[in-house]
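Single-letter residue listing:
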Amino acid sequence: MEMKMRCVCLVLGLVLLMTISSDAESHGAGHANLCCFSFSDIKIPPSRIIKVEKTPSDCPKPGYIVTTAKSKFCKQDIKELNL
């Protein structure tokens, strides 16, 4: 029984050590929402566009996030917007 407790304590200690020393860093709240993983083909009238933001450079695919009053869309090329 004493050997099982040692193993459990050792495993828990290793898991705790890995958690504390992890190289993973968070990108802050909502960072995943700033990346585009697929792009929309919907034509958005310029009058409905509230904001256009370039995705951060560390996103897997470069693009633009277009915000309208109702939703957000990902566009691959800003020229598609005819602004």
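This is a predicted model, so every value here is computed, not measured. (Residues numbered from 1 in each chain as written. Predicted model: local features only at pLDDT ≥ 70, side-chain atom pairs only at ≥ 80, totals over all residues. Heavy atoms only, no water.)

## Topic: the state of the cysteines
Linking two cysteines covalently through their sulfur atoms gives a disulfide.
Step number 1: All told, the structure shown has 2 disulfides when counted by the stated rule.
Step number 2: Disulfide partner of C35: C59, at an S-S distance of 2.0 Å. Residues C35 and C59 are joined by a disulfide whose S-S torsion is about -80°; by sign, that bridge is left-handed. Here C59 lies in the loop between β1 (49-54) and β2 (64-68) and C35 lies in the loop between α1 (2-20) and β1, a separation of 24 residues in the sequence. With respect to burial, C35 and C59 carry one shared label: buried.
Step number 3: The side chain of C36 participates in a disulfide bridge whose partner is C74; the two sulfur atoms lie 2.2 Å from each other. One disulfide, between C36 and C74, carries an S-S torsion of -85° and so falls in the left-handed class. Of this pair, C36 sits in the loop between α1 and β1 while C74 sits in strand β3 (residues 72-75), placing them 38 residues apart in sequence.
Step number 4: For C36, a relative accessible area of 0% puts it in the buried group.
Step number 5: On the basis of relative accessibility, which here comes to 17%, the residue C74 falls in the buried class.
Step number 6: Numbered in order of appearance, the disulfide-bonded cysteines of the protein are paired 1-3, 2-4. (Disulfide = S-S within 2.5 Å. Helix = DSSP H or I, 4+ residues; strand = E, 2+ residues; numbered from the N terminus. Buried < 20%, exposed > 50% of the residue type's maximum accessible area, 1.4 Å probe, protein only.)

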